[in-house]
Amino acid sequence: MRGMAVIEVRKAIEADCKYYIDIHCPEARAMSREERLRRCGYWADYDACVFYLGLYRRLSGEVFTALVDDDIVGEIELLPHDDCLLGPRAYINVLWVKESKRGIGVGTSLVRE
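Parameters at a glance
Here the residue numbers are simple positions, counted from 1 along each chain's written sequence. pLDDT decides what is reported in this predicted model: residues at 70 or higher carry local features, side-chain atom pairs at 80 or more are listed and counted, and totals for whole chains, interfaces and linings draw on all residues regardless. Neither water nor hydrogens contribute to the side-chain values; these are computed over all heavy atoms in the structure. Only protein chains enter the accessibility calculation, which uses a 1.4 Å probe; a residue is then buried when its area is under 20% of its type maximum, exposed when over 50%, and partly exposed in between. By the criteria applied, helices consist of DSSP H or I runs no shorter than four residues and strands consist of E runs no shorter than two, each listed in order from the N terminus. Our arc is simply the arc of the directions from the helix axis toward the C-beta atoms. Note on contacts: a residue pair qualifies if any of its non-hydrogen atoms lie within 4.5 Å across the two residues. We call Phe, Tyr and Trp rings a pair once their centres come within 6.5 Å, taking the six-membered ring for Trp, and we label the pair stacked below 30 degrees between planes, edge-to-face above 60, and tilted otherwise. Note on geometry: a ring has a charge over it if NZ (lysine) or CZ (arginine) is within 6 Å of the ring centre and within 35 degrees of the ring normal. To count as a disulfide, a pair of cysteine sulfur atoms needs to be within 2.5 Å.

A. A look at helix H1 (residues 17-24). Looking at H1, one finds that the buried residues are Cys17, Tyr20, Ile21, Ile23 and His24. When H1 is viewed along its axis, its buried side chains cluster within an angular range of 165° and face the same direction. In the core, the buried residues of H1 are packed alongside helix H2 (33-40), helix H3 (46-58), strand S2 (62-68), strand S3 (71-81) and strand S4 (89-97).

And the structure:
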């Protein structure tokens, strides 16, 4: 029987942006910056990722990073949902898990955080 993976979830830090490219668009490392941004979006470029991480926080949102054995394997981006009669809520804007780590509870851990 396989052992259960230990999944750590914490608030994203700027240094995480170096690893998000492997989650969102692994093939991007071989592309020019312009092609990465066009084909893979802002998380595939370190400087753009840092900018958007700050933007989420200025909008009262948050980004969380999931780690397995100190390897960044997923992230979730949350934006606030104001004026909800049910109390504080958030929209999940993006939920990504590295393909090789899917099915072990990473996404569930990110949502529960």
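After presenting the structure, the write-up continues.
B. Structural detail: the packing of aromatic side chains. Applying the stated criterion across every chain, the model contains two aromatic pairs. Ring geometry for tyrosine 42 versus tyrosine 52: centroids 3.9 Å apart, planes at 25°, classification stacked. Of the two residues, tyrosine 42 sits in the loop between H2 and H3 while tyrosine 52 sits in helix H3, which places them 10 residues apart along the sequence. By relative accessible area, tyrosine 42 is classed as partly exposed at 25%. Centre to centre, the rings of phenylalanine 51 and tyrosine 52 are 5.2 Å apart; their planes meet at 85°, and the pair counts as edge-to-face. Given a relative accessible area of 28%, tyrosine 52 falls into the partly exposed group. Through successive ring pairs, a cluster of aromatic residues spans Tyr42, Phe51 and Tyr52. Taking NZ or CZ as reference, arginine 58 lies 5.9 Å from the ring centre of phenylalanine 51, over its face.

C. View of the state of the cysteines. Under the criterion given, the structure shown has two disulfides. The disulfide bridge from cysteine 25 ends at cysteine 40, spanning 1.9 Å between sulfur atoms. A residue pair is termed long-range when its members are at least 10 positions apart, and cysteine 25 in the loop between H1 and H2 and cysteine 40 in helix H2 qualify at 15 residues. Side by side, cysteine 25 and cysteine 40 carry an identical accessibility label, which is buried. When the cysteines of the protein chain that form disulfides are numbered from the N-terminus onward, they connect as 1-4, 2-3.

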